[in-house]
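This is what each chain is made of:
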Amino acid sequence: MHYAFNYAQLDGQIVAALDVNTVANAVYAHNYGSNLVKTRNIQSLSVKEVTKLQANMLLMSPPCQPHTRQGLQRDTEDKRSDALTHLCGLIPECQELEYILMENVKGFESSQARNQFIESLERSGFHWREFILTPTQFNVPNTRYRYYCIARKGSDFPFAGGKIWEEMPGAIAQNQALSQIAEIVEENVSPDFLVPDDVLTKRVLVMDIIHPAQSRSMCFTKGYTHYTEGTGSAYTPLSEDESHRIFELVKEIDTSNQDASKSEKILQQRLDLLHQVRLRYFTPREVARLMSFPENFEFPPETTNRQKYRLLGNSINVKVVGELIKLLTIK
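Each value, and the rule that gives it
Sequence order sets the numbering: in each chain, residues are counted from 1 along the sequence as written. Only residues with pLDDT of 70 or above have their local features reported here, since the model is predicted, and side-chain atom pairs are shown and tallied only from 80 upward, although totals for entire chains, interfaces and linings are computed over all residues. Side-chain metrics rest on all non-hydrogen atoms present in the structure, leaving aside hydrogens and water. When DSSP locates at least two bridges between a pair of strands, those strands are taken to pair. Runs of E in the DSSP output that reach at least two residues are strands. Runs of H or I that reach at least four are helices, and both are numbered from the N terminus. The contact rule is simple, with two residues in contact once any of their heavy atoms fall within 4.5 Å. The convention used is that axes are lines fitted to C-alpha atoms, helices contributing only their stretch in contact, and that angles between N-to-C directions extend from 0 to 180 degrees. Segment limits for the domains were obtained from an automatic or database-derived domain assignment. What gets called buried area is simply the loss in accessible area from a 1.4 Å probe that two parts show on being joined, summed for both. One less than the number of residues in a helix, times 1.5 Å, gives the span that helix is expected to have. We call a residue buried when its accessible area falls under 20% of the maximum for its residue type, exposed when it is over 50%, and partly exposed in between, using a 1.4 Å probe and counting protein chains only. Polar contact is defined as a pair of N or O atoms within 3.5 Å, subject to the rule that within protein one atom must be able to donate a hydrogen and the other to accept it, and that residues adjacent in sequence are counted only when both atoms are side-chain atoms. A carboxyl oxygen of Asp or Glu within 4 Å of a side-chain nitrogen of Lys or Arg is what we treat as a salt bridge.

Participant: Just checking my understanding: could you explain the sheet that holds strand E7 (residues 164-165) for this structure?
Facilitator: Pairing between the strands of a sheet is mediated by backbone hydrogen bonds and can be parallel or antiparallel. If you walk across this open sheet you meet the 5 strands as E3-E4-E6-E5-E7, and the pairing is mixed. Edge strands, defined here as strands with exactly one partner in the open sheet, are strand E3 (57-60) and E7. Pairing between strand E5 (residues 127-133) and strand E6 (residues 146-152): 7 bridges, direction antiparallel. Bridge pairing in E6 links arginine 129 to isoleucine 150. Strand contacts of helix H11 (residues 318-329): E3, strand E4 (99-105), E5 and E6, with the helix running at about 25 degrees to E6, the strand carrying the most contacts.

Participant: Sorry, what's going on with the domain arrangement of the protein chain here?
Facilitator: Accessible area lost when the parts come together is the quantity often used to give the size of an interface. For the protein chain, the domain assignment lists domain 1 (1-174 + 317-329) and domain 2 (187-282). Here the C-alpha centroids of domain 1 and domain 2 sit 37 Å apart. Listed per partner, the contact involves 6 residues of domain 1 and 7 residues of domain 2. A buried area of about 460 Å², summed over both sides, lies between domain 1 and domain 2, and 35% of it is on carbon and sulfur atoms.

Participant: When you look at unusual backbone geometry in this model, what are you seeing that I'm missing?
Facilitator: Residues apart from glycine generally show negative phi values, whereas peptide bonds are mostly found in trans. Even without being glycine, glutamine 9 reaches a positive phi, approximately 55 degrees. Summarising the element assignment, glutamine 9 is placed in the loop between helix H1 (2-8) and strand E1 (17-19). Despite not being glycine, threonine 225 shows a phi value in the positive range, around 75 degrees.

Participant: Is there a simple way to explain H11 in this structure?
Facilitator: An α-helix turns once every 3.6 residues. As a result, residues three or four positions apart point the same way. Taking 1.5 Å as the rise per residue, H11 with 12 residues should run 16 Å; its terminal C-alpha atoms sit 17 Å apart, in good agreement. Where H11 is concerned, the buried positions are Val318, Lys319, Val320, Val321, Gly322, Glu323, Leu324, Ile325, Leu327, Leu328 and Thr329. Each element contacted by the buried residues of H11 is listed here: H1, E3, E4, E5 and E6. Taking the backbone nitrogen of lysine 319 as reference, a side-chain oxygen 3.1 Å away marks asparagine 317 as the first, capping residue of H11.

Participant: For this particular structure, what's the right way to read the sheet that holds strand E8 (residues 209-210)?
Facilitator: Spatial ordering of the open sheet is given by E8-E9-E10, a layout of 3 strands whose pairing is mixed. With one partner strand each, in any of the chains shown, E8 and strand E10 (280-281) form the two edges of the open sheet. Note: E8 against strand E9 (residues 234-235), 2 bridges, orientation parallel. Directly across from isoleucine 210, in E9, lies its bridge partner tyrosine 235.

Participant: Got a minute to help me understand the pairing of E5 in this structure?
Facilitator: The side chains of a regular strand alternate, residue by residue, between the two faces of the sheet. Most of E5 sits out of view: 6 of its 7 residues are buried. Summarising the sheet, E5 and E7 pair through 2 bridges and their orientation is parallel. Opposite phenylalanine 131, over in E7, you have tryptophan 165 as the bridge partner.

Participant: I would appreciate a short explanation of the pattern of salt bridges in the present structure.
Facilitator: Close approach of charged atoms allows side chains with opposite charge to pair. Applying the stated criterion across every chain yields a total of 11 salt bridges. Its salt-bridge partner being arginine 129, residue aspartate 156 comes within 3.0 Å of it at the nearest N-O pair. Of this pair, aspartate 156 sits in the loop between E6 and E7 while arginine 129 sits in strand E5, and the two are 27 residues apart along the sequence. Judged by relative accessible area, which is 38%, aspartate 156 ranks as partly exposed. Measuring nitrogen to oxygen at the nearest pair gives 2.9 Å for the salt bridge that ties aspartate 208 to arginine 216. Relative accessible area serves as the criterion here: at 16%, aspartate 208 is assigned to the buried category.

This is the structure in structure tokens:
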């Protein structure tokens, strides 16, 4: 959110950043210093504190688990919704607040938590608009559909309400050509990022594999590299035609040897072919680029790759949110 605010190039400064995740806060402090970030529960935030901070803008991304299938979609009954419920009570009391932006998962738009949030905005005199957007609409080769709500006091927005926008008003971003994956790829990547042999052997055919000339990638989640399917794409430096040729040879081996007891020689032949694809995971830096983080963003040296992927998977796309902050504040 801090990088998105910087992207929008507004006059102003961040006065506080709150999260309960100590690893996330260590990364924040590494990039922005430790004087702004506080490790604490949102439910402990009071009207008095917000007033003392003299904050007029709130940028937030409440926990998404209450609105996902994995999180059982318990909505406001989920304890992880308590922070948003608390904020919905604070917003009408915080007279200084003029601008609010919220990000959440697609699906939030049909939740009870969303209704609670909108009621709080209306009670407080905010004009508001809702969106479902993805970075591919902003020339970023990554799919990440997310719900957004922007709200402000004073003048209403110069575009229609009463619907969920599925593109930016004016849709100027959609006229741009998408960047190719080759533009975000690092050079001389460590062999540590190669997909392990056990995953190649058992799961490669369900992986989403991206080639340099393509302009897409899957949504990266906090389970990237830990789980194979549905957590993000893998990368091969080969052309699409060349990797297709190799996979056709692999399928020929599979078709010709369908019995469960394949010989070790055949299994090795299959694995040798798969090694030629040079399939690897996207590095944390590459994922950060697909999330539109600037090049000067860094992780502290003690942060593990597992932690990096978890944090990035739980993060936002900086460019999308930055463009929405511009839209939020335009007169």
